[in-house]
Amino acid sequence: MHDTTKPLPQILSSYPRGSKELRGLYTKRFTPDMAYDWFTTRGVRLKTEGDGRMFPITDNSQTIIDVISDAAKRSGVEVRMKEKVDSVEWLEVESDSDNNNDDDDDGDDVDNVNAKTNAKFIVHTSSKSQTNTSEKIKSAEQFDALVLATGSFPIGQQLARSLGHEIVKPVPSLFTLDAKDLVMADGDGGGIFHGLAGVSVPLARLTLVVNDEMLGKSPPPPPPAEEESKQKQQPPKKKRKRKKKAPSIIQEGPLLITHHGISGPAALRLSAFAAREFHSVGYKCDVKIHFCPKWEEEQRLSSNDNRGSSSEGILMDALWNMSRLIPKRKVATGCPLFTKESTDEENNGAPVIPKRLWSALVQHSDIPLTTTWGDVSKSMIRKLSENLVAFPLRVTSKGIFKEEFVTAGGVHLKEMNMSNMESKVKPGLFMCGEVLDVDGVTGGFNFMGCWSTGFVAGEGAAEFCFKE
C-alpha cells in the first residue's frame, strides 16, 4: 500500500482510471488508514519507504499472504484448490414455492443444485479426478451472491461479460519505454543514451502530444482535383480559425536510463496515464523530456515570472550567463544548474543533471568537448537549451519481456454501485480489484485499490445474503 499520511486528493491523483469513483470508498467505506489498521492489528509491522510505498518490515510478501490466509481461515472461509470455474449462470428465482413447484426443470448440469433456496448464481466448475488425472469431474453449485476477485485474468472478464457486463478493452499499463535508436551501439559512438544505462535524473517531465491517430481519427481525404483547383482560384479568407493546440499528457518524477530506453516513476506514470494512447499507435511515437523542470520552477519563482517566458528562454539566459561567470570552464565538464534542494548537505551539491548525461547532451547539441563557456556561441546555447527542456525521444516499443505491471481496462464502472461494489446489471454480483476498469501508478496504489474494493465487496455480499 502507500503512505497513509498523504492527503486524499494526492492519493486519488495516482489513479489514471477510477479516481473519481474511489473517492467515496477512500473517504468512508475502507480508507487508507483503515487498511493500515487492518494489517497492523493482525501483527504486521509496516514501514514507509522514501518514495511513499509501505512494506512489511520483513520485506517478504509471504507476510501479507499469511495474514490474509489466516484471517480467511479464522472466518470460516472454505478455500478450494485445483478447481476451475468454467462458467456462471444467473437464475432469477421469484420465491421458494415457485422453485418447489417447478418439476419441469431438467438441467443436466445442475442436478446437485438445491432448488429450495433463493440463490441466483449457478457456478459450474471442473477438477481432475484423484484416481484418473485425465478425467475431469464437473459439478455445479448454487449461491446467493457471487464475488469476482479474479484480478486481470481473462476468466474474470469473461464471466462478467457472460453476466451482461460491458468490458472496457484491456491494454497494458505501467510499462517501460524502449528507444532503440537512442541506446543502440551502431554508428559513430552509438545513440545518445548508449553506455548511460543506470544513470538517473532526480526529477524529469515527460510529455506525450496526443495526435489524431491516438484519438482514432482518420485524416480528411484529399479534395478532388476539380475542387482543389477551385479552392486555389478563390481569394484567401481574411479571418482564419486559430488551430486548436493538440492535447498533451504530462507526468513528472525520477527518470532512469536503461539498456533499452527509459524507466523510473516518470516513464511508468506516463505509460499508465497514456496507456490507451500508446496502445493505439503500436507503442511507436514521440515523447519530449524536460530534464530540469524543478530548476525552471525555482527560477520563475525567484524572478516572479509567471509563465511569461518560455522554458527554453529561461534556460538560454542562465546558460549564456555562464560565459561570464565561468568562461574558462569546458561546457561538457558538468551541469552548472543546481536546485535549492540539490545544494543541501544531504545531496552534496549534486547538479540537476548527472555528469555523464550532461556530457552526452552537450555532444548531441553539436558542442565539441573542448569548447569552453567563453567560446560557446548563442546558436550552440540555443540547441543545448532545446535538448534540455524538450529532448525528442522516439519510442520504438514498450518494455520487452512482458514487463508491464498492471492492466488498464475491465468491467465498466458505470455499471457498478461503488458504495458496496455490487453490479447494477445483476443483483447479488459483486466485483473488486483489477477485474474492474480501475488502476493506479506504481507505489502501492493498485494494492490499496484491491484492499478497499475487496473489503467493501465482501461486506456487500454478506449484507446481501443476510437481507435475502
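For the structure, check the block above.
Everything in this summary refers to the structure shown in the same document. (Residues numbered from 1 in each chain as written. Predicted model: local features only at pLDDT ≥ 70, side-chain atom pairs only at ≥ 80, totals over all residues. Heavy atoms only, no water.)

A short note on the packing of helix α2 (residues 19–29) against helix α15 (residues 445–467)
Moving on, step 1. Interaxial distance between α2 and α15 falls to 11 Å at its minimum, and their mutual angle equals 70°. As far as their axial angle goes, α15 and α2 are roughly perpendicular. Here α2 contributes L22, L25, Y26 and R29 to the contact with α15, which in turn contributes F445, M448, G449, S452, T453, V456 and E459.
Moving on, step 2. Across the contact of α2 with α15, the residue classes tally to six nonpolar, three polar and two charged. (Axes fitted to C-alpha atoms, helices over the stretch in contact; angles between N-to-C directions. Helix = DSSP H or I, 4+ residues; strand = E, 2+ residues; numbered from the N terminus. Parallel < 35°, antiparallel > 145°, perpendicular 65-115°, else oblique. Contact = heavy atoms within 4.5 Å. Nonpolar A, V, L, I, M, F, W, Y, C, P; charged D, E, K, R; others polar.)

Comments concerning the sheet that holds strand β3 (residues 84–90)
Sheet strands line up and pair through hydrogen bonds in the backbone, either parallel or antiparallel.
Moving on, step 1. Pairing within the open sheet is antiparallel, and its three strands lie in the order β3-β4-β5. Each edge of the open sheet carries a strand with a single partner, namely β3 and β5 (136–143). Sheet twist, expressed as the average angle between the axes of neighbouring strands with direction ignored, equals 20°.
Moving on, step 2. Relative to strand β4 (residues 121–128), β3 is paired through six bridges, and the arrangement is antiparallel. Residue pairing across strands places S87 opposite H124, the latter belonging to β4. (Pairing = 2+ DSSP bridges.)

Considering helix α12 (residues 311–325)
Moving on, step 1. Over its 15 residues, α12 runs 21 Å from end to end, which matches the ideal 21 Å to within 8%, given 1.5 Å per residue.
Moving on, step 2. On its buried face, α12 sits against α11 (293–302), α13 (355–364) and α14 (378–389). (Expected span 1.5 Å × (residues − 1).)

Describing the pairing of strand β13 (residues 391–395)
Moving on, step 1. By the alternation rule, side chains of β13 split into F391, L393 and V395, which are all buried, and P392 and R394, of which none is buried.
Moving on, step 2. Bridge count for strand β12 (residues 285–290) against β13 is five bridges, and the pairing is antiparallel. Bridged to D286 within β13 is R394. (Buried < 20%, exposed > 50% of the residue type's maximum accessible area, 1.4 Å probe, protein only.)

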